[in-house]
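# Working through the structure, step by step
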Amino acid sequence: AGGGKYFVDLGKERFDGYRENSEHDETTVLVKLDHALGDDRSLGLSFNNHDSKSGISGPILKTAVDQNPRQKNEYALDSDGWNNKLSLYSLNYQHGSFMTNVFSESRVQDSVMTGQWGTSDFALHSNSYGATTQFKSGILSLGAEYRKDEVSNPSTYGKKELTTNTWGTFAQAELGSELLNL
């Protein structure tokens, strides 16, 4: 009484960059599984993971460019760079006109840069999770959504944190092209 579909996407990108310490390395994995449970019901699971790292060469003066345009800033370290990570999980269920989605998302973005002033660290971390429920009848969709976000940004200059809770309801009508031709 059931059948399934799946989608898998794997990506890899890597290059050395033009200047010293300007390399880039990126990996992406996307997996989506859908399974029909019969009687107009289905269950789906999605996973998305993205991880990238990029070096930071730092600014150089024109005189340094004239000497060697590929060089990094004289203070820059080989460890200077940007890191970005994203993980997203989603579970979807549909039974006839009723649909629900539960998700969890985690993001980490950080950087380290060294200059004449010293070394500066900056990070942005966020964790989000929530759910959406929707009911559709004819051209009308009604739904509700909840989302909680937790954000922090530890850095050289201190740490800030924020938590938000968002509740929402929505109504949407799908108007066909026949209404546009009045």
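Figured I'd write up the structure that's included with this text.

Thresholds applied
- Residue numbers restart at each chain and count upward from 1, following the sequence in its written direction.
- Totals for whole chains, interfaces and linings use all residues, but because this is a predicted model, local features are given only for residues with pLDDT of at least 70 and pairs of side-chain atoms are given and counted only at 80 or more.
- Heavy atoms from the whole structure form the basis of all side-chain values; hydrogens and water molecules are not counted.
- Salt bridge, as used here, is a side-chain nitrogen of Lys or Arg placed within 4 Å of a carboxyl oxygen of Asp or Glu.
- By the criteria applied, helices consist of DSSP H or I runs no shorter than four residues and strands consist of E runs no shorter than two, each listed in order from the N terminus.
- Only protein chains enter the accessibility calculation, which uses a 1.4 Å probe; a residue is then buried when its area is under 20% of its type maximum, exposed when over 50%, and partly exposed in between.
- Strand pairing follows a simple DSSP-based rule, namely that at least 2 bridges must link the two strands.
- Under this scheme, a helix contributes an axis fitted over its contacting stretch, all axes are lines through C-alpha atoms, and angles between N-to-C directions fall in the 0 to 180 degree range.
- For Phe, Tyr and Trp, where Trp contributes only its six-membered ring, two rings pair if their centres lie within 6.5 Å, and the inter-plane angle classes them as stacked under 30 degrees, edge-to-face over 60, or tilted in between.
- Without a salt bridge and with relative accessible area above 30%, a residue can belong to a patch; like charges are then joined within 9 Å and nonpolar side chains (Val, Leu, Ile, Met, Phe, Trp, Tyr) within 5 Å.
- With residues, only the protein chains shown are counted as cover, and all accessible areas are computed by Shrake-Rupley using a 1.4 Å probe.

On to the pattern of salt bridges, then. A complete count under the given rule lists 9 salt bridges for this structure. Of the charged contacts in the structure, one is a salt bridge between Asp25 and Arg14, with a shortest N-O distance of 3.5 Å. Highlighted residues: Asp25 in strand E2 (residues 24–38) and Arg14 in strand E1 (residues 4–15), separated in sequence by 11 residues. Take Asp25: its relative accessible area is 24%, and that puts it in the partly exposed class. For Arg14, a relative accessible area of 55% corresponds to the exposed category. What you see here is one network of salt bridges that share partners, running through Lys12, Arg14 and Asp25.

Each strand in a sheet pairs with another by means of backbone hydrogen bonds, the pair being arranged parallel or else antiparallel. Spatially, the 8 strands line up as an open sheet ordered E1-E2-E3-E4-E5-E6-E7-E8, and their pairing is antiparallel. Looking along the sheet, the strands with just one partner apiece sit at the ends: E1 and strand E8 (161–173). Direction aside, the axes of adjacent strands within the sheet are offset by 5 degrees on average.

According to the stated counting rule, one finds 2 aromatic pairs in the structure shown. Relative to Tyr89, the ring of Phe47 lies with its centre 5.1 Å away and its plane at 35 degrees, an arrangement referred to as tilted. One end of the pair, Phe47, is in strand E3 (residues 41–55); the other, Tyr89, is in strand E4 (residues 81–95), and 42 residues separate them in sequence. Overall, the relative accessible area of 24% leaves Phe47 in the partly exposed class. By relative accessible area, which is 43% here, Tyr89 ends up partly exposed. Summarising the aromatic geometry, the rings of Tyr146 and Trp167 are spaced 4.6 Å apart at their centres and angled 45 degrees between planes, so their arrangement reads as tilted. Placement of Tyr146 in strand E7 (residues 140–152) and of Trp167 in strand E8 is noted, with a sequence separation of 21 residues between them. Among the residues examined, Trp167 registers a relative accessible area of 68% and is labelled exposed.

The next subject is a nonpolar patch on the surface. Taken together, Tyr6, Val8, Leu10, Leu33, Leu43, Leu45, Leu91 and Val102 make up a surface patch of nonpolar side chains, about 780 Å² in accessible area. Elements supplying a minimum of two residues to the nonpolar patch: E1 and E3. Its place among the elements puts Leu91 in strand E4. For Leu91, a relative accessible area of 40% translates into the label partly exposed.

Purely geometric stuff here, so don't read any function into it on its own.
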